[in-house]
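Listed here are the chains, written in short residue letters.
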Amino acid sequence: MKKPWMGIGLSILSIFMIGLLLVLGGCGKADEAQPQAIDPETDTCANCNMSVADDQYATELSLDDGKLEKFDDIGCMYKWKEKNPDVKIEQGFVRDFHSKEWLKEEDATYVYGMDIETPMSFHVISFKDEAEARDQADSHSAEVMSISDLESHKWVKDMESGEHGM
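My aim in this report is to walk through the structure given alongside it, one point at a time.

Cut-offs and rules
- Residues numbered from 1 in each chain as written.
- Predicted model: local features only at pLDDT ≥ 70, side-chain atom pairs only at ≥ 80, totals over all residues.
- Heavy atoms only, no water.
- Pairing = 2+ DSSP bridges.
- Helix = DSSP H or I, 4+ residues; strand = E, 2+ residues; numbered from the N terminus.
- Axes fitted to C-alpha atoms, helices over the stretch in contact; angles between N-to-C directions.
- Contact = heavy atoms within 4.5 Å.
- Patch = residues over 30% accessible without salt bridge, like charges linked within 9 Å, V, L, I, M, F, W, Y side chains within 5 Å.
- Areas by Shrake-Rupley, 256 points an atom, 1.4 Å probe, with all protein chains shown as cover.
- Salt bridge = Lys/Arg side-chain N within 4 Å of Asp/Glu carboxyl O.
- Lys, Arg positive; Asp, Glu negative; His and termini not counted.
- Charge placed at Lys NZ, Arg CZ, Asp CG, Glu CD.
- Buried < 20%, exposed > 50% of the residue type's maximum accessible area, 1.4 Å probe, protein only.
- Arc of directions from axis to C-beta.

Focus on the sheet that holds strand 5 (residues 109-112)
Stage number 1. If you trace the 3 strands from one edge of the open sheet to the other, you get 6-5-7, paired in antiparallel fashion. This sheet does not close on itself; its edge strands, each paired only once, are strand 6 (124-127) and strand 7 (143-145). Across the sheet, the mean angle separating the axes of adjacent strands is 30° when strand polarity is ignored.
Stage number 2. Note: strand 5 against strand 6, 4 bridges, orientation antiparallel. Pairing of Thr-109 across the sheet is with Phe-127, part of strand 6.
Stage number 3. Packed onto the sheet, helix 3 (residues 130-139) meets strand 5, strand 6 and strand 7 and runs at close to 5° relative to strand 5.

As for a negative patch on the surface
Stage number 1. A surface patch of like charges, here negative, comprises Asp-129, Glu-132, Asp-135 and Asp-138.
Stage number 2. Along the chain, Asp-129 turns up in the loop between strand 6 and helix 3.
Stage number 3. Accessibility expressed as a relative area gives 36% for Asp-129, which makes it partly exposed.

What to know about helix 3
Stage number 1. All buried positions along helix 3 are accounted for by Ala-133, Gln-136 and Ala-137. Looking down the long axis of helix 3, one finds its buried residues gathered within 100° of arc, a one-sided arrangement. Helix 3 presents Asp-135, Asp-138 and Ser-139 as exposed residues on the side facing more than 90 degrees away from its buried surface.
Stage number 2. Buried residues in helix 3 make contact with strand 5, strand 6 and strand 7.

As for unusual backbone geometry
Stage number 1. Backbone geometry places Lys-100, a non-glycine residue, at a positive phi of 65°.
Stage number 2. As for its position among the elements, Lys-100 is in the loop between strand 3 (89-95) and strand 4 (102-104).
Stage number 3. Residue Lys-100 is classed as partly exposed on the basis of its relative accessible area of 39%.
Stage number 4. Residue Ser-141 is not a glycine yet carries a positive backbone phi of 50°.
Stage number 5. Structurally, the position occupied by Ser-141 is in the loop between helix 3 and strand 7.
Stage number 6. Using a relative accessible area of 71% as the deciding quantity, one classes Ser-141 as exposed.

Describing the sheet that holds strand 3
Stage number 1. Judged by pairing direction, the sheet is antiparallel, and its 4 strands sit side by side in the order 2-1-3-4 without closing on themselves. Sheet topology places strand 2 (68-71) and strand 4 at the edges, where each strand pairs with a single neighbour. On average, each strand axis in the sheet is inclined to that of its neighbour by 25°, with strand direction left out of account.
Stage number 2. Together, strand 1 (59-63), strand 2 and strand 3 form the strand contacts of helix 2 (residues 74-83), whose direction differs from that of strand 1 by roughly 30°.

Spelled out as structure tokens, the structure:
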């Protein structure tokens, strides 16, 4: 004869085991890095110390230690990387030039041209859509670049635009 409490006990044990599996299944998975909102009143560029505007030029680096570095120009982010080669970077973020949507830096297409104005005169902007990037490049006699192109790019400011923050 089956005892009535056995069914309840097995149900509670089953629920407990399912809950335990769900908790353990989530252990060890790091949360994916996410960009943070820009506060132009308090955020300053980690490279040049200028204010970071909440616009299409802002970039961020999420570091492995949980720290977030913010930049006012893609060029400043890359100059900071050059100065800090031993810092482990979890994820870099750039903005789509038109929508200001945050993008993982490896998912963006970039445009470099001397008549493209950026806050620190590095002349590089980013796009979510490659076709938009190509249209922008065509209209500015500029070059379309990938993230690997940026990593080998010579990050030199346009001297006639000034050396802000240096």
